Amino acid sequence: MNWWPRESGVHEMRNTPEKSLFTLFFGTQESGLLSEAGKEAEKGAEELKIGGVNQAPCSRSVLKLTAMELKWIHVLLLFLLLLSVAMTGCFLWQYSLPKLEPNPSVMEVRSEAVQMCPRYPEPVPLDHPLPILKEALEKVDQMLRQRMHSSGLPALSAIVIYNDTVLWTGNLGKKNGSDPASGVPNEYTIYRIASVSKIFPTIMLYKMWEEGKVTSLDDPLERYAQNFVIKNPLGRLRDSEQRYTADGLVFLEKGSMPLKPSPVTLRRMASQLSGLPRRLRSTSLLWKGSTQDALTLLRDDILVADPGTRCHYSNLAFSLLAHVLAEHAADGQYQRWISDNILERLGMEDTGFDITAPVRSQMAVGFYGSQQPAPLYDLGWYRPSGQMYSTAADLAKLAMVFLGTYHRRLLEPDTVKTMLTPLFKCSVEYFANKTGTPWEINEQLGYDVIRKDGDLDGYSATFSLIPKLRLSFIVLMAGPRPQGGDIVTQTYEYLIPAMETAFREADKSLVPPPNPIPYVGYYTYSNLTFYEIKVGIGGVLVMQQFGPHVEELIPEKYRTIKLHHLEDRVFQVVFDKEFPCVLHLGSASISLETQNGQLFNFYPFDRKGLSPGFDAPGLNTYNVVRVLRKPKLRSHPSFLPAPLMSEAKSEVPVR
């Protein structure tokens with residue numbers, strides 16, 4: 001109820017004597033009753049005035065009507081009084097209610113609205129143990145113990161590697177779960193690794209490719225096995241206008257037929273993209289036939305998918321690949337080639353194929369989920385796909401090879417990079433998001449987790465890597481995987497944030513130039529932005545922007561960067577600590593994330609031995625030139641600072 005207009009009406013009435021009290025409640029429009037009374041009063045007044053005698057009119061009808069109207073006014077005033085009392089009571093009741101406290105979680109979300117960078121910090125040398133890593137590894141240990149206890153898993157050995165360093169080992173349970181006197185396993189305890197064995201024929205393929213024994217990773221299988229034939233009915237499209245393959249998109253005119261179906265290539269065989277069945281028809285994993293027998297069986301078999309178009313798990317593909325390559329360049333001796341070229345070279349002394357008596361004595365006994373011991377059967381022709389055994393310590397050496405930190409080289413760095421590259425995005429029905437050679441790849445917290453899982457009667461294993469973090473987690477188990485969530489995923493939920501924090505907080509090891517003098521001085525970019533380069537701690541160059549409004553708008557730590565010397569006259573931009581990905585400056589913004597890691601290419605030195613300027617090609621910025629002395633600048637209302645080289649971007653959309 002708004003009272004103020006009423007009061008202004010009273011005020012107006014008092015300053016306007018000709019308006020009666022009725023105007024306050026009924027407006028300025030007179031009622032018919034009031035009009036008649038007014039006419040009678042005016043008439044009487046005129047008569048008195050004409051007679052020359054000033055007497056008050058005394059019409060009874062007028063007095064009677066005025067009394068009736070006053071009665072209604074009193075009633076209305078009483079109603080308004082009661083209404084005001086009721087509203088005042090409501091206000092006092094509402095005021096007395098307990099106040100709602102601000103939600104801390106909402107405030108926290110608002111405070112975290114600024115995305116900090118680097119989003120994915122670069123790995124740096126770490127002095128372990130670090131408190132944050134120690135805490136994360138303790139959580140991993142506790143989680144594994146809980147999962148083992150709840151699932152009844154007899155034995156487990158796990159290891160975490162960063163670069164070339166073992167951060168943690170966990171050995172739980174007993175080597176023989178049925179023997180109370182059995183000891184605890186360790187990193188040298190042997191487990192069957194099942195399909196983790198598929199890593200080794202893949203390494204064989206890439207090694208032969210490096211050596212020129214395989215012309216191309218995408219060679220068709222029939223180049224190395226001339227009698228390989230299999231039906232591919234899905235490769236001859238009649239009604240489709242296009243098809244997708246791992247090698248790209250092939251467009252076909254409607255109703256046309258491709259000249260040749262998609263081939264079963266070596267790389268597709270190593271990445272679950274060959275379309276080959278899971279195993280040979282009418283065989284089990286214990287089949288003892290030969291490679292020629294396998295090729296004969298395939299002649300009347302069919303591909304389950306057009307090669308390169310769908311992820312389909314195949315033990316047949318890896319076993320056939322291994323045996324064909326061995327016959328092509330290793331005298332048919334696949335196991336000997338693996339031993340000579342991989343195991344011995346890396347010092348993997350407790351890894352192999354044949355489960356002999358000495359191997360058994362070092363093994364953890366595998367159990368089914370029913371707590372019954374599992375037999376150690378031989379896989380025969382399918383050995384390349386799942387026969388091997390190993391230890392956590394041996395597989396850690398292999399992980400360091402893929403992380404590029406092992407002291408013995410197995411593959412060239414570019415070859416390792418190719419082998420770790422995802423090839424194809426799988427459909428939602430497949431158990432991995434992407435496939436590689438021979439990896440199953442899933443994204444977690446923004447990183448590709450590259451892994452190979454293996455499951456065989458009585459044993460399960462996972463070999464996993466996050467190359468971007470140079471991190472590896474390996475777990476070997478003497479039983480089926482614990483239910484209730486993937487322990488590898490849970491482990492990385494603890495490790496990834498801890499590693500990121502450790503990288504962000506670590507002091508960066510920067511390289512100074514051999515001689516800083518040629519780079520020290522003042523520079524400008526088109527007389528719009530200005531920079532000073534000087535020598536910092538340890539001889540590392542420091543560059544700071546200055547100019548009108550810079551000090552007021554940009555915090556000093558965000559307008560000061562360090563220059564990491566890479567090679568002759570080339571430096572890399574480095575922010576010393578964590579920084580906002582986007583720096584907001586009123587209605588404009590600057591991407592600091594874009595600038596971090598950019599390269600500065602300084603010009604050849606002049607006759608004075610000074611570099612006259614530099615370019616920042618990654619920022620599309622050229623001709624940042626040296627000036628003789630620090631310029632004297634005037635404040636300009638249109639000046640907007642842009643830290644480093646990048647221009648500030650307006651947040652107003654362009655139409």
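Not measured: the values here are computed from a predicted model.

1. Here we look at the nonpolar core
Inference 1: Counting 84 residues, the largest nonpolar core has F200, I338, L398, F402 and F463 as the members making the most contacts within it.
Inference 2: If sequence neighbours within four positions are ignored, F463 has contacts with V196, I199, L395, L398, A399, F402, W439, I450, R451, K452, F473 and I474.
Inference 3: With 35 residues, the next largest nonpolar core counts V124, L126, M148 and V160 among its residues.

2. A look at the confidence of the model for the protein
Inference 1: Per-residue pLDDT for the protein has a mean of 84; in total, 79% of the residues score no lower than 70.
Inference 2: Counting contacts from residues 1-63, a segment whose pLDDT is below 50, to residues more than four positions away or on other chains yields 34 contacts.
Inference 3: Low pLDDT (under 50) marks residues 637-643, which in the prediction has 26 contacts with non-local residues, meaning those over four places away or in another chain.

3. Focus: the sheet that holds strand 8 (residues 424-425)
Inference 1: Strands sit in the order 3-2-13-12-11-10-9-8 across an open sheet of eight strands; the sheet is antiparallel. Either end of the sheet is taken by a strand with one partner, and the two such strands are strand 3 (165-173) and strand 8.
Inference 2: Inspection of the sheet shows strand 11 (residues 447-456) paired to strand 12 (residues 459-466) by seven bridges, in the antiparallel sense. The partner of L456 across the bridge, within strand 12, is Y459.
Inference 3: Most of the contacts of helix 16 (residues 487-505) go to strand 13 (residues 471-477), to which it runs at about 155°, and overall it touches strand 2 (155-162), strand 3, strand 10 (440-444), strand 11, strand 12 and strand 13.

4. What about the packing of helix 6 (residues 131-151) against helix 16?
Inference 1: Viewed as axis vectors pointing N to C, helix 6 and helix 16 meet at an angle of 175°, and their least axial separation amounts to 9 Å. When the interaxial angle is binned, helix 6 and helix 16 end up roughly antiparallel. Packed against helix 6, whose contacting residues are I132, L133, A136, L137, K139, V140, M143, L144 and R147, the element helix 16 presents I487, Q490, T491, Y494, L495, A498, M499, T501 and A502 at the interface.
Inference 2: Its residues placed into classes, the contact of helix 6 with helix 16 shows 13 nonpolar, three polar and two charged.

5. A short note on the state of the cysteines
Any covalent bond linking the sulfur atoms of two cysteines counts as a disulfide.
Inference 1: Under the counting rule described, the total for this entry stands at two disulfides.
Inference 2: Each sulfur in the disulfide pair C117 and C581 lies 1.9 Å from the other. Disulfide C117 to C581: torsion about the S-S bond roughly 100°, handedness right-handed. With a gap of 464 residues between them, C117 in strand 1 (residues 116-117) and C581 in the loop between strand 19 (579-580) and strand 20 (582-585) connect regions that are remote in the sequence.
Inference 3: Note on C117: relative accessible area 0%, which makes it buried.
Inference 4: Once the bonded cysteines of the protein are numbered in order along the sequence, the disulfide links fall as 1-4, 2-3.

6. Notes on the pattern of salt bridges
Inference 1: Evaluated as defined, the whole model comprises 24 salt bridges.
Inference 2: Across the pair R383 and D354 runs a salt bridge whose closest N-O atoms are separated by 2.8 Å. One end of the pair, R383, is in helix 13 (residues 383-386); the other, D354, is in the loop between helix 11 (334-346) and helix 12 (357-362), and 29 residues separate them in sequence.
Inference 3: A relative accessible area of 39% places D354 in the partly exposed class.
Inference 4: Close ionic contact of D394 with K397 constitutes a salt bridge, the shortest N to O distance being 3.9 Å. Highlighted residues: D394 and K397, both in helix 14 (residues 392-403), separated by three residues, approximately one helical turn.
Inference 5: With relative accessibility at 3%, the residue D394 sits in the buried group.
Inference 6: Classification of K397 by relative accessible area gives partly exposed; the value is 23%.
Inference 7: Members of the salt-bridge network, linked through shared partners, are R451, D453, D455, R481 and D486.

Thresholds applied
- Residues numbered from 1 in each chain as written.
- Predicted model: local features only at pLDDT ≥ 70, side-chain atom pairs only at ≥ 80, totals over all residues.
- Heavy atoms only, no water.
- Core = buried A, V, L, I, M, F, W, Y, C linked by side-chain atoms within 4.5 Å.
- Buried < 20%, exposed > 50% of the residue type's maximum accessible area, 1.4 Å probe, protein only.
- Contact = heavy atoms within 4.5 Å.
- pLDDT = per-residue confidence, 0-100.
- Pairing = 2+ DSSP bridges.
- Helix = DSSP H or I, 4+ residues; strand = E, 2+ residues; numbered from the N terminus.
- Axes fitted to C-alpha atoms, helices over the stretch in contact; angles between N-to-C directions.
- Parallel < 35°, antiparallel > 145°, perpendicular 65-115°, else oblique.
- Nonpolar A, V, L, I, M, F, W, Y, C, P; charged D, E, K, R; others polar.
- Disulfide = S-S within 2.5 Å.
- Salt bridge = Lys/Arg side-chain N within 4 Å of Asp/Glu carboxyl O.

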